[in-house]
Amino acid sequence: MPRRPSAPDVPQGTVPVPRLFSPSVSKSVLRDPRPLTPESDDVDEIYDGSQDAFPFWYGSATGTQDIPIPTSSADAAHPGDHSRSGVSGNEKDGQADGPAGRRNSYADSDSVLHYFVATSTSEEKLDQYLSNIINAFLTEPTPIYAGQADTPQAMRERFSQSEVPVARRKSVSFGSVGEVSSAEEYLRTVKVNVIDRATRVSSPKMIGHMTTALPYFHRPLARLLTAMNQNVVKLETASTMTYLERQTIGMLHREFYGKSPSFYKAYMHSPEHSLGVFASGGTIANITAMWAARNRALPADAAKTFGGVEKEGLYKALRFHGYEGAAIVGSRLMHYSFKKAADLLGLGDDGLVTVDADDAFRMRTDVLSATLDALENKKILVMAVVGIAGTTETGSIDALETIAGICASRRIHFHVDAAWGGPLVFSPEHARKLSGIQHADTVTVDGHKQLYTPMGIGLLLFKHPTTAHSIRKTANYVIRHDSPDLGKFTLEGSRPATSLHLHASLYLLGRDGLACLVTRSATLARQLSVRIRTHPSRAFQALHEPETNIFLFRYIPLQLRAKVRAGERLTDVESATADECTRRVQSILATAVEQPSSSTDERKDPARRPSMTSTLDPSSSSSTIPAQTTTTTTTTGSSANATTGNGGGFVSRTRVRYRNRDVDAFRVVMANPLTSWDDVEEVIQHMVVIGLKVEHDISQASRPSPPPPPPPGDGAKVVMAVPLPPRVDETDKERWSTLVVPDAGQTPWIGWPYDL
């Protein structure tokens, strides 16, 4: 066998450079080598281990290639400096290159391979540093940072570098912190640039979104999954995780569909079937459901004259089956993922047909039937009807039992988007609200909502194990037809084994624990609705009765509160004013950036809490913040931003149809198990105070400019009248002032705040 050409002699004054970069880049940037080391002790039979025996793409046994670089004056001034020459680390230490030397280079900080070898000292140091960061992130009192953490210009400057660093040992700038040349320094810069002002989603006062605090066991599980790095697209890279994922799917399938034990014994691990698929979230799960519905609605014919929509495409499939178009039908409150599904499946925006909702934000089933009739008359194929078990905007649940009957009578695929409300199945008090979901052909559930897993865990359940056949795709090298590979049925290819997180939540929290959590969240939302309706400031208007743990309400200006309380309808102008106040209050609350107080935690010391009467009494002419709260600085320019108080919290905002009019509304999501009633009460209190100042700002902006001040010395004074809140009826004021905490066994008065 002819020998491969050996590396040419290295000219004097050259620097060994990894072959990863072109000579032009290396000459301009690289001044120090990153040795690449062979990954095993095996030596090719045609080489004898000598320098000359290595192939041309290696310059030495350490895996660096010598590329001539002109000698600089600095190099000439340090002829004995091995860091500026092609001498390897082993040669410097007097060790011979070879298998032993290559193993030693794994732990050499000069080698890129040292990042791939587990060492107790390097990982323990990083782990300790990260543990301190995580502890501070989760426990220290800081703002929530739900809005812009800094000005857009400052954020862009902080992340302005667009080049990938070339030389690892060459210090490179990252943000405002300085140079980065090691993993430790990199984490330090990430802490300052990212973590310190990252959104505190686990804050008890973060009651505006579904992202919340997590059980502690998910943090070590995330590290374990990273270390294992399993890819559950195929059994060959997830030999045991494949079966754990199928088991997790089976457990949730049984909760929703309640099949017999023999059913799960037959199908849970069957390579030819699937009871569901994992996805990176509810969006992919919903798209997968619509994909399966389309393929089932436009199959191949028995005579094999038509190969089905998955083979011949949507246009030919519709023509073959006698349709002039296709559509997905659901409530106007459908998740935006169905817009993506309609687009991806070739239906277009017009292929997503929405049905009106009632005042409780549930789909009107009478309108659904009429809509289906109209589409049938137009020869439009209804691929699927979508029922919602917990809309993302309002938490409302459609009449699933009725919708299931309509779909069954018309042989239409029935899909339930239970990404939000699905976990109510564990609650003895609320499970009845999901009645009818057991008839759904497919069900979407999100683990990262009310099953308390990290982000990125969605699940699609199939009622029938053969539904997955309609979307099965195989390949020759993986996901073969007869393999148990899960990738045959998933829209996504390579996937991490995040099913372990959901498996852990189901096992460690259990059915009783999950029932307690979802019931508590729904109870807090219901209690908040009572509090909003009976709040002494009368500053809010409830928009619905919460069915789950989401509640909508809006801010009502002072001059409109009596009208709203009397049940009168606001004019368009008045409603627009309420919308403007609602938007401003939410924006200020979201963007407030407070300095944490150094005093005693007010939750532990009741004396630190702001006085109720100083801020909420509608008869008071003062709307000042109590003296014990801290001054606030924000990223917006409103004067109201400077005094939102300590720990203002966060609620989100949406726009919904309410009494035949689109209105802006606060959206409260009760999902954090650490949220207490005190936290909720404080957030509402700050919203009242911010609202008064927003009204003042709007009033000042709408007034004509005041006349110029008189010349000095004439003794005249300019007095600007500021409108004060109207005083309430004395009997109403007396009623609120005499209410006391009920004793054990007594019936609480309406609006009494309680916690489970």
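Please read these numbers as outputs of a predicted model, since none were measured by experiment.

1. A few points about the overall build of the protein chain
Counting its secondary structure elements, the protein chain contains 22 helices and 17 strands. Out of the 756 residues in the protein chain, the part that is buried amounts to 47%. Within the protein chain, contacts between residues separated by at least 24 positions form 70% of all contacts whose residues are at least 6 apart in sequence. Just so you have it, the protein chain exposes about 37000 Å², and 54% of that area is on carbon and sulfur atoms.

2. Thoughts on helix H17 (residues 499-533)
Along an α-helix, a turn takes 3.6 residues, which lines up residues three or four apart on a common side. With 35 residues, H17 ought to run about 51 Å at 1.5 Å a step, yet its terminal C-alpha atoms sit only 42 Å apart, falling short of that. Of all the bends in H17, the largest measures some 85° and sits at Gly510. The buried fraction of H17 is high, at 25 of 35 residues.

3. Digging into the pairing of strand S16 (residues 652-657)
Along S16, the buried face is formed by Ser652, Thr654 and Val656; none of Arg653, Arg655 and Arg657, which line the opposite face, is buried. Examined bridge by bridge, S16 and strand S17 (residues 662-669) share six bridges and lie antiparallel to one another. For Thr654, the partnering residue across the bridge sits in S17 and is Ala665. Where S16 hands over to S17, the hairpin turn is made up of four residues, of which Arg659 adopts a positive phi near 55°.

4. Concerning the sheet that holds strand S12 (residues 540-542)
Strand order in this open sheet of four strands is S12-S13-S17-S16, and the pairing throughout is antiparallel. Looking along the sheet, the strands with just one partner apiece sit at the ends: S12 and S16. On average, each strand axis in the sheet is inclined to that of its neighbour by 45°, with strand direction left out of account. Alignment of strand S13 (residues 550-555) against S17, held across four bridges, turns out to be antiparallel. Bridging from a neighbouring strand, Phe553 pairs with Phe666 of S17.

5. Points about the side chain of Thr391
Examined against the element boundaries, Thr391 turns out to sit in the loop between strand S8 (380-388) and helix H16 (400-410). Within polar-contact distance, the side chain of Thr391 engages the side chain of Thr394 at 2.6 Å. Those residues within four positions of Thr391 in sequence are excluded, and the remaining contacts are Leu333, Ser396 and Ile550.

6. Quick look at the pattern of salt bridges
Overall, the coordinates contain 29 salt bridges when judged by the stated rule. With a closest N to O distance of 3.7 Å, Lys125 and Glu184 form a salt bridge. With Lys125 in helix H5 (residues 120-139) and Glu184 in helix H7 (residues 183-195), this residue pair connects regions lying 59 residues apart in the sequence. Three or more residues are tied together by salt bridges with common partners; here these are Arg554, Asp579, Glu580, Arg583, Arg584, Arg655 and Asp664.

7. Regarding the sheet that holds S8
The seven strands are arranged S5-S11-S10-S9-S8-S6-S7 in an open sheet whose pairing can be described as mixed. Sheet topology places strand S5 (276-279) and strand S7 (352-355) at the edges, where each strand pairs with a single neighbour. Ignoring which end each strand starts from, the neighbouring axes of this sheet average 20° apart. Pairing of S5 with strand S11 (residues 458-462) involves four bridges; the strand directions are antiparallel. Bridge pairing in S11 links Val277 to Leu460. Along the sheet, helix H14 (residues 337-344) makes contact with strand S6 (325-331), S7, S8 and strand S9 (413-417), crossing S7 at roughly 150°.

8. Digging into a nonpolar patch on the surface
On the surface, a cluster of nonpolar side chains totalling about 330 Å² of accessible area is made up of Tyr115, Phe116 and Val117. Note on placement: Phe116 falls in the loop between helix H4 (99-106) and H5.

9. What to know about the confidence of the model for the protein chain
With 69% of its residues at a pLDDT of 70 or more, the protein chain has an overall mean of 78. Residue range residues 2-8 is modelled with pLDDT below 50. Its contacts to residues more than four positions away, or to other chains, number 15 contacts. Between residues 714-742, whose pLDDT stays under 50, and residues either more than four places distant or in other chains, the model counts 31 contacts.

10. Quick notes on the packing of aromatic side chains
Geometrically, a pair of aromatic rings is defined through the distance of the ring centres and the angle of the planes. Per the stated rule, a full pass over the model turns up nine aromatic pairs. Ring geometry for Phe540 and Phe553: centres 5.3 Å apart, planes at 90°, overall edge-to-face. In this pair, Phe540 sits in strand S12 while Phe553 sits in strand S13, placing the two residues 13 residues apart along the sequence. In this structure Phe540 comes out as buried when scored by relative accessible area, which is 7%.

11. Let's talk about the environment of Ile287
Counting through the fold element by element, Ile287 comes out in helix H11 (residues 282-297). Among the residues examined, Ile287 registers a relative accessible area of 7% and is labelled buried. It is 6.9 Å that separates the C-alpha atoms of Ile287 and Phe338, two residues lying 51 residues apart in sequence. Setting aside chain neighbours within four positions, we find Ile287 in contact with Ser337, Lys340, Ala341, Leu344 and Leu491.

12. Some words on the nonpolar core
Residues Leu252, Val329, Leu368, Val385, Val416 and Val443 are the most contacted members of the largest nonpolar core, which totals 47 residues. Here Val385 is in contact with Val329, Leu368, Leu372, Ile403, Cys407, Ile412, His413, Phe414 and His415, once residues within four sequence places are set aside. In this structure, Val277, Ala326, Ala342 and Ile471 belong to the second largest nonpolar core, which totals 42 residues.

13. A closer look at the packing of H5 against H7
Two numbers describe how H5 lies on H7: the axes approach to 10 Å, and their chain directions differ by 10°. Classed by the angle they form, the pair H5 and H7 counts as roughly parallel. Here H5 contributes Lys125, Leu126, Tyr129, Leu130, Ile133 and Phe137 to the contact with H7, which in turn contributes Ala183, Glu184, Leu187, Arg188, Lys191 and Ile195. Residue composition of the contact of H5 with H7, grouped by class: eight nonpolar, no polar and four charged.

14. Here's the deal with unusual backbone geometry
Its identity as a non-glycine residue notwithstanding, Tyr145 has a phi of 55°, on the positive side. Here Tyr145 falls in the buried class, since its relative accessible area comes to 10%. The residue Lys379 is not glycine, and still its phi comes out positive at about 60°. Mapped onto the elements, Lys379 comes out in the loop between helix H15 (365-377) and S8. In this structure Lys379 comes out as partly exposed when scored by relative accessible area, which is 46%.

Calculation rules
Residues numbered from 1 in each chain as written. Predicted model: local features only at pLDDT ≥ 70, side-chain atom pairs only at ≥ 80, totals over all residues. Heavy atoms only, no water. Helix = DSSP H or I, 4+ residues; strand = E, 2+ residues; numbered from the N terminus. Buried < 20%, exposed > 50% of the residue type's maximum accessible area, 1.4 Å probe, protein only. Contact = heavy atoms within 4.5 Å. Areas by Shrake-Rupley, 256 points an atom, 1.4 Å probe, with all protein chains shown as cover. Expected span 1.5 Å × (residues − 1). Bend = angle between axes of the 7 residues up to and from the residue. Pairing = 2+ DSSP bridges. Axes fitted to C-alpha atoms, helices over the stretch in contact; angles between N-to-C directions. Polar contact = N/O pair within 3.5 Å; in protein donor to acceptor, adjacent residues only side chain to side chain. Salt bridge = Lys/Arg side-chain N within 4 Å of Asp/Glu carboxyl O. Patch = residues over 30% accessible without salt bridge, like charges linked within 9 Å, V, L, I, M, F, W, Y side chains within 5 Å. pLDDT = per-residue confidence, 0-100. Phe/Tyr/Trp six-rings, centres within 6.5 Å; stacked < 30°, edge-to-face > 60°. Core = buried A, V, L, I, M, F, W, Y, C linked by side-chain atoms within 4.5 Å. Parallel < 35°, antiparallel > 145°, perpendicular 65-115°, else oblique. Nonpolar A, V, L, I, M, F, W, Y, C, P; charged D, E, K, R; others polar.

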